[in-house]
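Single-letter residue listing:
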Amino acid sequence: MAYTVPRPKLTFAEKLYLPNIVAGLAITFKHLKRMLKGETKVVMQYPEEKWDKSMPEHYRGAPTLVTDQHGRERCVACQLCEFICPPRAIKITPGHIPAENAFAKVEKYPAAFDIDMIRCIYCGMCEEVCPEQAIFLRKDYAITGTSREQMLHNKEKLYELGGVFDGLIHKWNPEK
Amino acid sequence: MSTAAPTEVQMLNVQIDGVWMQFPKGTRLIEACSQAQKFIPRYCYHPKLSSPGNCRMCLVELGMPKMTPDRKPVLDADGRPEIAWIPRPQISCAQDVSEGMAVRTDSPMVQDCRKGVMEFLLINHPLDCPICDQAGECRLQEFSVEYGNASSRFLERKVKKPKNVELGPRVTLDAERCVLCSRCIRFMREVANDDVLGFVDRGSFSTIACHPDRILDSNYSLNTVDICPVGALTSTDFRFKMRVWFLKETKTIDVNDGLGCNITVGARQNTVYRITPRENNDVNGVWLPDSHRLNFKYVASEQRLKTPLVRGETASWEHALETLAEILKAHGPESMAIIASARMTNEELFLVSRLSEHLAVNQVDVVPRTGEPDGILIPADRNPNTSGAKALGICGSTPGARLPGIAEQLRKGSIKVLLCFEDPAHCGLTEHDLSKATLLCVDILPNRSTPFAAVVLPGSAWIEKRGSMVNIRGRLQRLNQATLPPAEARNDWEILCDILRVTGGSNLPSTIEEVFKQMSAAHAAFGGLTLSKIGDLGVSIADSLPPSDH
């Protein structure tokens, strides 16, 4: 059904547009004045200066792997992140934890865990889907490299970026 | 509801969720409900096994016709019996339908029962789905979502049971995940005829165990993994290899023996991870021997022939085929023999027969393979397509009967060229004999003869092929391609077409469907069929095959 959008009736001053142009220019001049007086800063000297401190809590940087407070790698190679990853950046090779290992009860671990940072789109789906709270997006955003190999984060690199994460997963406690 | 029931079977009226239907006498109630599109969740019930009724998941509300004092059913206004509902739920798996029976599959009482059963089953469940191989095809997961509770009310300590137990060389047990449905116990007793499993430690600690003096080493042990509704029994071979949701499933048939068990090949990114049986009640039921399902590793072997070889040197296909054509043209038909294989598909064997006609070679046969039948699924004939080779005239009624003659003539020097689709060393030829002949081999792996071969052409394994085979009972079944052949290897039917082409053959098919078309035109047994008409379950052509001697 056709619907006619009611148009506002403009006054003579509004029809001239001049008052709005003047008001806009007033704002521009106000900022110009503050800048000249050194009250506002508009250029950041990156990379000497960084905005890391003012990054919001929910910022999504590079995905990383974390260990728990006992040094156990939290990832159990369930491959849900590999499944959910929209650009298919994650590749996991599962392995068996040998019986003599202190964390033998967990049975499974990632023998290899690669994230291709050329493919990663920082969407955070891997963090959201992880049932073990093993993968987190940290605040690293300047992921650079001079070759494709350098842009492939292997398990070692992922743990280096991720660090330790204390948490409440008691599932693999032998007592539980 | 049931179609094609013999007329003498009595049909019974059963009311399912308010709708009256007819089922043949002897139908299980759970099956009747399934036929009426009312799925009833179950753990212990399996259509091929007995019904102990111990999981209690299939509880339904049952009613029987109201009876007058003189045992006549009370009829309502529509002439249907009035129902007296039983106040307690009943299991539907151990109950046959009876006249006037009524069932409610989704009433509030039934829903409550399922919720309760699920809560009890999950009380001691370890919830280790992230590492469990069953995740993704687990009945406990599925029914928990469908019928269970969102959270657990259980605050006490969970019962600890043995984990990661080797029940046998191929099966691993996690007793904490077990729901004690006893399917594996019944399978080993009723189907595998090897009663090694049982329950021990009655009560909270009840668990599956092997007989103390035995291990679960039956050649059918991996079927217990298939029928295990949860992740208690897992395949040691497949353990932690790949999550099941990544696997691309291809319906094909097994080629380790003459029966041709129907199987599903699970592959991801051109790598085969597991093979599971596929239901076909005319062939293998729902079972598959372990020896067959684990026999796929050689397909991904590093040793695979990846490029053509001319006298041991890597060569291009063009050069290899030219060399092969020169050799074939330089020799008369009486000095050539073809050793085909009963492991080839009908399409390939048909092209072999075309090639032998084209080259006028009469010495053609296949290598027979036999073994002890196991009395369950594995027959004596260990070649998958002996019937096809017979039907296409590649071999006589006794496969391999011409091989000693070929070997003898080769030793005498009257046969000089052997075109082999299987290792000719199988016909009793020594290395000395093989080194004298000019060998033209098509194979997937190096064998005892390839070092002596003038030309070696890399072919495809059965997992990489599309085609058809005829099993020992005369059932025409279809192979489908699950993975691609490695590097420059080609499909065997393409290689045969290439050989026909370079030797001056005409009317060459360009697709596998065309090969089948030519074959069905030339052989009455395949008349009126196409590859797609064979379907996933195959068709019987036993009536149009020449009478078999066994």
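Residue numbers restart at each chain and count upward from 1, following the sequence in its written direction. Each chain gets a letter, beginning with A, and each ligand a number, beginning with 1, in the order they are written. Reporting in this predicted model follows two pLDDT cut-offs: at least 70 for local features of residues, and 80 or more for side-chain atom pairs to be given and counted; totals over whole chains, interfaces and linings ignore these cut-offs and use all residues.

## Observations concerning the domain arrangement of chain B
All names here are of chain B.
No. 1: For every domain, the bounds stem from an assignment made automatically or drawn from a database. Here the domain parsing of chain B yields domain 1 (11-115), domain 2 (127-240) and domain 3 (309-544).
No. 2: Here, residues touch in the contact sense if the C-beta positions derived from the backbone fall within 7 Å of one another. Facing the twelve residues of domain 1 at the interface are 15 residues of domain 2.
No. 3: For the side of domain 1 that touches domain 2, the per-class residue count stands at seven nonpolar, three polar and two charged. Gly falls in the polar group here, along with every residue not listed as nonpolar (Ala, Val, Leu, Ile, Met, Phe, Trp, Tyr, Cys, Pro) or charged (Asp, Glu, Lys, Arg).

## Description of the sheet that holds strand 22 (residues 467-470) of chain B
Strand-to-strand pairing in sheets goes through backbone hydrogen bonds, with the strands running parallel or antiparallel.
No. 1: The strand order 22-23-24 (chain B) describes an open sheet built from three strands, whose pairing is antiparallel. Two strands close off the open sheet at either side, each with one partner strand: strand 22 and strand 24 (539-540) of chain B. A pair of strands is considered paired only if DSSP assigns at least 2 bridges between the two. Numbering of helices and strands runs from the N terminus; a helix is a DSSP stretch of H or I covering at least four residues, while a strand is a stretch of E covering at least two.

## Overview of the pairing of strand 10 (residues 207-210) of chain B
No. 1: Counting other C-beta atoms within 10 Å of a residue's own tells you its class, since 20 or more makes it buried, 12 or fewer makes it exposed, and anything in between is partly exposed; those C-beta atoms are placed from the backbone. Going residue by residue along strand 10 of chain B, you find Ile 208 and Cys 210 of chain B tucked away on one face and Thr 207 and Ala 209 of chain B left uncovered on the opposite face.
No. 2: The antiparallel pairing of strand 9 (residues 197-200) of chain B with strand 10 of chain B creates a hairpin that spans six residues between the two strands, and Asp 201 of chain B there sits at a positive phi of about 55°.

## Considering the interface of chain B and chain A
No. 1: With seven residues of chain B at the interface, the matching set in chain A holds 13 residues.
No. 2: Considered class by class, the residues forming the side of chain B that touches chain A number five nonpolar, one polar and one charged.

## Observations concerning the sheet that holds strand 11 (residues 233-235) of chain B
Residue and element names in this part refer to chain B.
No. 1: Spatially, three strands are ordered 7-8-11 in an open sheet, and the strand pairing comes out antiparallel. Of all the strands in the sheet, just strand 7 (165-166) and strand 11 have a single pairing partner and so form its edges.
No. 2: Inspection of the sheet shows strand 8 (residues 171-173) paired to strand 11 by three bridges, in the antiparallel sense. Pairing of Thr 172 across the sheet is with Thr 234, part of strand 11.

## Things to note about the domain arrangement of chain A
Frequently, the measure chosen for interface size is the accessible area removed from exposure when the parts meet.
No. 1: As far as domains go, chain A holds domain 1 (10-42) and domain 2 (53-162).
No. 2: When each unit is reduced to the centre of its C-alpha atoms, the spacing between domain 1 of chain A and domain 2 of chain A is 49 Å.

## A few points about the nonpolar core
Residues and elements named next belong to chain B.
No. 1: Nonpolar cores are identified as sets of buried Ala, Val, Leu, Ile, Met, Phe, Trp, Tyr and Cys residues joined via C-beta atoms within 7 Å. Within the largest apolar cluster, 92 residues are counted, with the highest numbers of intra-cluster contacts made by Ile 339, Ala 340, Val 352, Ile 394, Leu 418, Leu 439 and Leu 440.
No. 2: The element that contributes the greatest number of residues to this core is helix 8 (residues 346-359), accounting for six residues.
No. 3: Here Ile 339 is in contact with Asp 365, Val 367, Leu 418, Cys 420, Phe 421, Glu 422, Pro 424 and Cys 427, once residues within four sequence places are set aside.
No. 4: In this structure, Cys 33, Ala 102, Cys 113 and Val 117 belong to the second largest nonpolar core, which totals 54 residues.

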